[in-house]
Amino acid sequence: MKEPFEKAVEQHGATVLRVCRALLGTHDADDAWSETFLAAMRAWPGLPETANVEAWLVTIARRKAIDVLRAAGRLPLPAEELPEAPSSLGVPGAGDGELWEAVGRLPAKQRQAVTFRYLAGMSYEEIAAVLGSNTAAARRAAADGLKNLRKHYPGATSRGAST
């Protein structure tokens, strides 16, 4: 017979908290720990009796930590000072309409890879994580996107060409 859920929390709670703290630091670890056990409690009735409960809980904790990290990546960053006037920098259509149209015509993966790499300044590893691919595929998509832009955008020059 499967042990009560409370017993699993008592036995493995410290391990799950250590995993959460290792992945997130102390600030977000408590929330991830709680989310882990809420998710585990919902799935507990369907867990087979032969399952390794500790490994199962650590897997859930790892996934909850990833959720917290992804959510934190979408939060706005605080700024020391706000600009006096709004900037048109990085706003599609704010001065380079033809370029933005050319970027908009790229295939989705290439458009995203070029945007993330050259506008957001993300690394290829970060781009791969966002696109759900690997680093080589992200690098290839960005390179193909630039190649397409150079070929179809009239203002683009080839690498190494003088203007």
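Look above for the structure.
Heads up: these notes are all about the structure in this document.

## Points about the overall build of the protein chain
Okay, so step 1: Scanning the protein chain for helices and strands turns up seven helices and zero strands.
Okay, so step 2: Beginning at the N terminus, the succession of helices and strands in the protein chain can be written as α-α-α-α-α-α-α.
Okay, so step 3: Across the 163 residues of the protein chain, 25% fall into the buried class.
Okay, so step 4: Accessible surface computed for the protein chain: about 11,500 Å², of which carbon and sulfur atoms make up 54%.

## Thoughts on the packing of aromatic side chains
Okay, so step 1: Evaluation of the coordinates by the stated rule reveals four aromatic pairs.
Okay, so step 2: With a centroid separation of 5.3 Å and 70° between ring planes, the pair formed by phenylalanine 5 and tryptophan 44 is classed as edge-to-face. Residue phenylalanine 5 is found in helix α1 (residues 5-24), and its partner tryptophan 44 is found in the loop between α2 (26-43) and α3 (53-73); the two are separated by 39 residues along the sequence. In terms of burial, phenylalanine 5 and tryptophan 44 fall into one category: buried.
Okay, so step 3: Taken together through their ring pairs, the aromatic side chains of Phe5, Trp33, Phe37, Trp44 and Trp56 make up a single cluster.

The rules behind each value
Residues numbered from 1 in each chain as written. Predicted model: local features only at pLDDT ≥ 70, side-chain atom pairs only at ≥ 80, totals over all residues. Heavy atoms only, no water. Helix = DSSP H or I, 4+ residues; strand = E, 2+ residues; numbered from the N terminus. Buried < 20%, exposed > 50% of the residue type's maximum accessible area, 1.4 Å probe, protein only. Areas by Shrake-Rupley, 256 points an atom, 1.4 Å probe, with all protein chains shown as cover. Phe/Tyr/Trp six-rings, centres within 6.5 Å; stacked < 30°, edge-to-face > 60°.

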